[in-house]
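Observations on chain architecture
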Amino acid sequence: MENPNIEKRLVNYIDGEWVLPVKNDYTPVRNPATGKTITSVPLSGEKDVLAAVTAAKKAQKEWALVPAPQRAELLFRVGSLMKERKEKLASILTMENGKVIEEARGEVQEGIDMAYYMAGEGRRLFGQTTPSELKNKFAMSTRAPVGVVGIITPWNFPIAIATWKSFPAIVAGNSVIWKPATETPLMAYELAKIFEEAGLPAGVVNVVFGSGAEVGEAMIDHDDIRVISFTGSNDTGRVIASKCGMKLKKVSLEMGGKNAVIVMDDADLSLAVEGILWSAFGTSGQRCTACSRVIVHEDVKEELTERLLLAMEQLTIGNGLDESVKVGPIINEKALEKVDRYVHIGRQEGATLLAGGYVLNEDKYSSGHYYAPTLFTDVRPDMRIAKEEIFGPVVSLIEVSSLEEAIDVNNNVTFGLSSSIFTQNINQVFTAQRDLDTGIVYVNAGTTGAEIHLPFGGTKGTGNGHRDSGLAALDVFTEWRSIYVDFSGRLQRAQIDTE
Ligand code: UN1
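Along every chain, residues carry numbers that run from 1 in the direction the sequence is written. Only residues with pLDDT of at least 70 are given local features in this predicted model, and only at 80 or more are side-chain atom pairs given and counted; all residues enter the totals for whole chains, interfaces and linings. Calculated side-chain values reflect all of the structure's heavy atoms, with hydrogen atoms and water omitted.

This brings us to the site of the ligand. For this description, a residue counts as near a given molecule or strand if any of its non-hydrogen atoms is within 4 Å of it. The environment of the ligand is made up of 13 residues, and the closest members are Glu110, Arg287, Cys288, Thr289 and Ala450. As used in this structure description, the phrase polar contact means that two N or O atoms lie within 3.5 Å; if the pair is within protein, one of them must be able to donate a hydrogen and the other to accept it, and residues adjacent in sequence are counted only when both atoms belong to side chains. Asn156 places a polar side-chain atom, nitrogen or oxygen, 3.3 Å from an oxygen atom of the ligand. In this structure, Cys288 approaches the ligand through a main-chain N or O atom, which is 2.7 Å from an oxygen atom. Notes on the ligand: free accessible area 320 Å², of which the protein chains cover 99%. Residue composition of the shell around the ligand, grouped by class: six nonpolar, four polar and three charged. Residue-level mapping places the shell around the ligand at the junction of two domains, with at least three residues from each of domain 1 (12–255 + 463–482) and domain 2 (259–443). Only the protein chains shown count as cover for residues, with accessible areas throughout obtained via the Shrake-Rupley method and a probe of 1.4 Å. Charged residues are taken to be Asp, Glu, Lys and Arg, nonpolar residues to be Ala, Val, Leu, Ile, Met, Phe, Trp, Tyr, Cys and Pro, and polar residues to be all remaining types, Gly included. Boundaries between domains were set according to an automatic or database domain assignment.

Moving on: the sheet that holds strand β15 (residues 374–377). Ordered by their spatial adjacency, seven strands build an open sheet running β14-β15-β16-β13-β12-β18-β19, and the pairing between neighbours is mixed. Strands at the two margins of the open sheet, each flanked by one partner only, are β14 (352–355) and β19 (440–443). Ignoring strand direction, the axes of neighbouring strands in this sheet form an average angle of 20°. Throughout, a residue-residue contact means that at least one pair of heavy atoms, one from each residue, lies within 4.5 Å. Axis lines are fitted through C-alpha atoms, for helices just across the contact stretch, and the angle between N-to-C directions can take any value from 0 to 180 degrees. Secondary structure follows DSSP: runs of H or I at least 4 residues long count as helices, runs of E at least 2 residues long count as strands, and numbering of each begins at the N terminus. Each of β12 (259–263), β13 (291–297), β15, β16 (394–400) and β18 (418–422) touches helix α9 (residues 269–281); the most contacted strand, β12, lies at about 170° to it. Most of the contacts of helix α11 (residues 333–349) go to β15, to which it runs at about 20°, and overall it touches β14, β15 and β16. Here, any two strands with at least 2 DSSP bridges between them count as paired.

Further remarks concern the side chain of Arg293. For Arg293, the position within the fold is in strand β13. Each residue's exposure class comes from its accessible area (1.4 Å probe, protein chains only) as a fraction of the maximum for that residue type: buried when under 20%, exposed when over 50%, partly exposed otherwise. None of His or the chain ends enter the tally, which takes Lys and Arg as positive and Asp and Glu as negative. The term salt bridge refers to a side-chain nitrogen of Lys or Arg lying within 4 Å of a carboxyl oxygen of Asp or Glu. Here Arg293 sits buried without a salt bridge, and the closest side chain of opposite charge, Asp437, lies 10 Å off (N-O distance). From its side chain, Arg293 meets the backbone oxygen of Asn410 in a polar contact 3.0 Å long. Every residue in contact with Arg293, bar those within four places of it in the chain, is listed here: Lys258, Asn259, Ala260, Val261, Ala386, Ser396, Ile398, Val409, Asn410 and Val413.

Structure, rendered in structure tokens:
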């Protein structure tokens, strides 16, 4: 056991109790930097989900009647506890996920920001009032909770994404059943402890650990879970969408990207290199928003490539708990193999490998899963490495000769999460923000770094029209209710008695 302060075996959190899973089935959780076992996580099943649904249904009825500003008070407390424990949470996050400690602190901060932002919604949750077409009649709309909601969160942002989904659900008066990724259960465990300590009533948030095939499936199947909010792979998202579709269940999906940085001929190249480096190799490229394509104007391609290669040489790779390390490990063996497979595909397709392209297996890396930061050039937009999500530290340089071509190349993929342009030209900036077909657009910054008070999500294969975080998240976890109050004392027929 690597850290004595971490429980050897985790349990589920259902109805305010820490409970063993019904089946005695567990799987180890390993630190991707060292390969060592940190804890083990239950592989729960349908019965655990049923217990959680029963608790969540009961709790939600009461919770919906608690005034929203009081619900928000609890979220403020959750935010303060997260702030108090920021350093502890960040180091556990680095241990289970591998991301470097500075980024782990950033991710925890993202959750704290979300707590305070959504707590503020407790005193807003605005609806509309609007005139009625009839005399002595009042019309308004309010947001009503949906009921019990199911959230399924990924390992790459195990705490931030959980807060994007659970906090708006809670403040709006829903109860939550949460299935965290089995690779990173400790963030869920720690956050559940915080919910408990903050005084969230039993059953408002329930954590059921386990696989998508068992726990996820049971959540999707259960008619009393009215919303599924999922972040993860495109393949899984499609299956969830079709199953929820048959049940007319509300479903919100976020399924990754093939994000590009565009570098125009007038760009500040030093800034562009910094932006590319941070958004492509930060989190070892394991962000939905990671830059995996650089679409570069032919006039600056050579210089940008040289500068990028030099900067890549400076990247320190290793265990993210070491403050000087910039690039941490890949989450597990399977993910490492996938990255390496794509590099082989790239070579076969005729792309030129300029740096990296191999698994790091020197002694100091041998027990973890590390991949060398990789740069391909001469990549054509129709190559698989330019179209498919790799989810690792691999960047493809694609040459273009105009802004129009750059935008075409950017848009000509099935994903649409994030994009960025480096230019000093205001006309190009505004053309790009209008024409880039992604949910997030950055100007003179890389493709990562979304802030929680704006909508997060994307177009095409990235999602299904919904957004996480920002005000938009409330649309996922509430139903609009339109209310008409007639105080005329007689029957007034809409559209008819309007004279
Ligand atoms: C993700 O990779 O799914 O914008 C989330 C960013 C982070 C969130 C990424 N704030 O890169």
